[in-house]
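# What the coordinates show
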Amino acid sequence: MASCRDFLNFILEQLSDLNDITYKPMMGEFMLYYRGKLVGGIYDDRLLVKPVKSAIEYMPQATYSLPYEGAKEMLLVDNVDDKDYLCDLFETMYSDLPAPKTKKK
């Protein structure tokens, strides 16, 4: 099941206090980036983030979920209605996220 653009727009609005939030559509889902680093994505109208140490500490009760069959588990963000919570989560995670890979020419 693909994610709907309405849910993407809702999440983008919730993150609107942050600068440089971008997304890329990918096979009916949406990858989310913060200041150029991949944070997670929207899969089946669920917000999932990478299970980096800071995210695990920020959301100790979060459940792990597969974005799609064969993928690595990610953390399910249940509290998407709280704008401050989401923005704080992305800010907290930023330093633990890997730098983007450079493309070979």
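Cut-offs applied
Residues numbered from 1 in each chain as written. Predicted model: local features only at pLDDT ≥ 70, side-chain atom pairs only at ≥ 80, totals over all residues. Heavy atoms only, no water. Buried < 20%, exposed > 50% of the residue type's maximum accessible area, 1.4 Å probe, protein only. Helix = DSSP H or I, 4+ residues; strand = E, 2+ residues; numbered from the N terminus. Arc of directions from axis to C-beta. Contact = heavy atoms within 4.5 Å. Salt bridge = Lys/Arg side-chain N within 4 Å of Asp/Glu carboxyl O. Core = buried A, V, L, I, M, F, W, Y, C linked by side-chain atoms within 4.5 Å. Pairing = 2+ DSSP bridges. Axes fitted to C-alpha atoms, helices over the stretch in contact; angles between N-to-C directions.

Time to look at helix 1 (residues 5-14). Among the residues making up helix 1, those that are buried are Phe7, Leu8, Ile11, Leu12 and Gln14. The arc enclosing the buried residues of helix 1, seen along the axis, measures out at 160°, which places them on a common side. Each element contacted by the buried residues of helix 1 is listed here: strand 1 (21-26), strand 2 (29-34), strand 3 (37-43), strand 4 (46-49) and helix 3 (83-94).

The full count for this structure, using the stated rule, is 3 salt bridges. For the salt bridge of lysine 83 with glutamate 13, the shortest nitrogen-to-oxygen distance reads 3.8 Å. One end of the pair, lysine 83, is in helix 3; the other, glutamate 13, is in helix 1, with 70 residues separating them in the sequence. Using a relative accessible area of 49% as the deciding quantity, one classes glutamate 13 as partly exposed. The partner of glutamate 57 in a salt bridge is lysine 53, with the nearest N and O atoms 3.9 Å apart. Separated by 4 residues within a single helix, glutamate 57 and lysine 53 lie in helix 2 (residues 53-58), roughly one turn from each other. For the pair shown, glutamate 57 and lysine 53 are each scored as exposed. Via salt bridges that share partners, Glu13, Asp17 and Lys83 belong to a single interconnected network.

Moving on, we come to the nonpolar core. Residues Ile11, Val49, Val77 and Phe90 are the most contacted members of the largest nonpolar core, which totals 28 residues. Every residue in contact with phenylalanine 90, bar those within four places of it in the chain, is listed here: Leu15, Leu18, Ile21, Leu32, Tyr34, Val39 and Val49. Of all hydrophobic cores here, the second largest spans 6 residues; its members include Met31, Tyr33, Tyr43 and Met74.

Spatially, 1-2-3-4-6-5 is the arrangement adopted by the 6 strands of the open sheet, whose pairing is antiparallel. For this open sheet the edge positions go to strand 1 and strand 5 (64-65), each flanked by a neighbour on one side alone. The pairing of strand 3 with strand 4 spans 4 bridges and is classified as antiparallel. Looking at strand 4, one finds that glycine 41 is bridged to leucine 48. Across the face of the sheet, helix 1 comes into contact with strand 1, strand 2, strand 3 and strand 4 while running at roughly 15° to strand 2.

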